[in-house]
Amino acid sequence: MKEVLKYVNNQWRYQASSDSAAMSAKLPPEAERASWRDFITVTKPGIIRSNLIAAFAGFWLASGWNVDYGGLLLTLLGTMLVMASACVFNNYFDRDLDMKMERTKKRGLPTGRLKPGTVLLYAVGLGIAGLAALFIFSGILAGLFGIVGMFVYVVVYTLWLKRTSTWSTSVGAISGAMPPVIGYVAVTGKVDLGAWLLFAMLFLWQPPHFWALGIRRKEEYRNAGFPLLPVVKGTRRTKIQMIPYVALLVPVSVLMYGYGYAGIYYLIVSAGLSLTWLYLTLKGLKAKDDDAWAKQNFFFSINYLTLSLIALVLNTMHG
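Here the residue index of a chain counts from 1 through its sequence in written order. Reporting in this predicted model follows two pLDDT cut-offs: at least 70 for local features of residues, and 80 or more for side-chain atom pairs to be given and counted; totals over whole chains, interfaces and linings ignore these cut-offs and use all residues. Processing note: side-chain calculations cover all non-hydrogen atoms of the structure and skip hydrogens and water entirely.

Explain unusual backbone geometry to me, please; I cannot follow it from the model alone.
Peptide bonds are mostly trans, and most non-glycine residues show a negative phi. Positive phi is not limited to glycine here, since K44 has a value of about 55°. Mapped onto the elements, K44 comes out in the loop between α2 (36-41) and α3 (45-63). Between buried and exposed lies partly exposed: a residue is buried under 20% and exposed over 50% of the maximum accessible area for its type, with that area taken using a 1.4 Å probe on protein chains only. Owing to a relative accessible area of 16%, K44 belongs among the buried residues under this scheme. By the criteria applied, helices consist of DSSP H or I runs no shorter than four residues and strands consist of E runs no shorter than two, each listed in order from the N terminus.

As structure tokens, this is what we get:
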């Protein structure tokens, strides 16, 4: 823990010195104008969208079709604000690295359209509002899991491991697995097997999903200085490491069905998708075109999560 705090402190000092240097330079007039789109983009809407679907699925599964729609909307609101806050913090701390990557260098912060101080206040405000909503309307456990998700994503992932270790993706997946758990405990008020299975589904999905993208953009990450697994260990090692994560998704589907959380149609859809993804992942060991294989794997992973969560919602067992 001392190592984490020391690293975080150093990052805060670095960011402060960077801001001072930036203030001394005169930005061109066009760089000083920000639009509402910049404030939306900095929250990473794509990440929020997929995780809200997961939070919805968690709430729905725990409700067993007896849904408190008011509670559902308030839980989704709190979860959305907490996730948005964590993403804005991520953009704030990564703005120096974002300037080095083609896909991120045109964002509001790297270009100067958004001022660091404004973005920092934005992140804090979103976080306070989101956690308040979760604690007040969704319960203490939901609020605590919101804090865990923010801490892991902002401090452990963004400020520490993302810049120092190949473990960043796996540990950061803890944060990405919080939304369905938040939705679930907002209804049940406890952590039981259902919460753990939802956590496992989202946790296991994230590393192979992100590593597929990492293989495609390996040189971009290398140039930016990110010690991503494909950069440090190579493409083949990354492909091998993806296999156990994808393979373990199969028993998650079986357990969801076996313990009565979801029905047979969910089992068929989710287990079938998991086995297909596993086949595609194993196929990558002999792929001649790594970029084409990684692109196929990445897009299949998106469809896997979306279709599995839809099947889970539609085939949730009645409470």
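There is more to say, and it comes next.
Would you mind going over a nonpolar patch on the surface with me for this structure?
Residues L74, L77, M80, F135, I136, F137, I140, L144 and I147 make up a contiguous nonpolar surface patch of about 800 Å² in total accessible area. By secondary structure assignment, the location of M80 is in helix α4 (residues 69-93). Given a relative accessible area of 30%, M80 falls into the partly exposed group. Each patch is built from salt-bridge-free residues with over 30% relative accessible area, joining like charges within 9 Å and nonpolar side chains (Val, Leu, Ile, Met, Phe, Trp, Tyr) within 5 Å. Reported accessibility uses the Shrake-Rupley method at a 1.4 Å probe radius. Residues are deemed covered only where the shown protein chains occlude them. Note on definitions: salt bridges are taken to be side-chain nitrogens of Lys or Arg within 4 Å of carboxyl oxygens of Asp or Glu.

Explanation requested: the packing of helix α14 (residues 235-247) against helix α15 (residues 249-258) in the structure shown.
Helix packing for two helices is described by the angle between their axes and how far apart those axes are. The contact between α14 and α15 brings their axes to 4 Å, and the two run at 5°. Judged on the interaxial angle alone, α15 and α14 are roughly parallel. Of the residues in α15, those in contact with Y245, V246 and A247 of α14 are L249, V250 and P251. Only the contacting stretch of a helix is used when fitting its axis, a line to C-alpha atoms as for every element, and angles between N-to-C directions run 0 to 180 degrees. Angular relationships are summarised with four words: roughly parallel below 35 degrees, roughly antiparallel beyond 145, roughly perpendicular across 65 to 115, and oblique for the angles in between. In this description, contact between two residues means that some pair of their heavy atoms is separated by no more than 4.5 Å.

I tried to follow the environment of A86 on my own but got confused; where do I start?
As for its position among the elements, A86 is in helix α4. Separated by 66 residues in the primary sequence, A86 and V152 have C-alpha atoms spaced 9.4 Å apart. The residues touching A86, leaving out its near neighbours within four places in the chain, are M150, Y153 and V154.

Whenever I open this one, the packing of aromatic side chains confuses me. Can you help?
Working definition: an aromatic ring pair is given by the centre-to-centre distance plus the angle between the planes. Aromatic rings from Phe, Tyr and Trp, taking only the six-membered ring of Trp, are treated as a pair when their centres fall within 6.5 Å; an angle between ring planes under 30 degrees marks them as stacked, one over 60 as edge-to-face, and anything in between as tilted. Within this structure, the stated rule accounts for 14 aromatic pairs. Residues F56 and W60 carry aromatic rings whose centres are separated by 5.5 Å and whose planes lie at 25° to one another, so their mutual orientation is stacked. One end of the pair is F56 and the other is W60, both in helix α3 and four residues apart, which spans about a single turn. F56 gets classed as partly exposed once you look at its relative accessible area, which sits at 27%. Between W211 and Y245, the ring centres sit 5.6 Å apart and the planes meet at 80°, which makes this aromatic pair edge-to-face.

Looking at this structure, how should I read the pattern of salt bridges?
For side chains bearing opposite charge, pairing can occur when the charged atoms are close. A complete count under the given rule lists eight salt bridges for this structure. Notably, a salt bridge pairs D38 with R113, separated by 2.8 Å at the nearest N-O pair. Of the two residues, D38 is situated in helix α2 and R113 in the loop between α6 (108-111) and α7 (116-138); the sequence distance between them amounts to 75 residues. Notably, a salt bridge pairs E220 with R217, separated by 3.4 Å at the nearest N-O pair. Counted as one network, the salt bridges with shared partners bring together D94, D96, K162 and R163.

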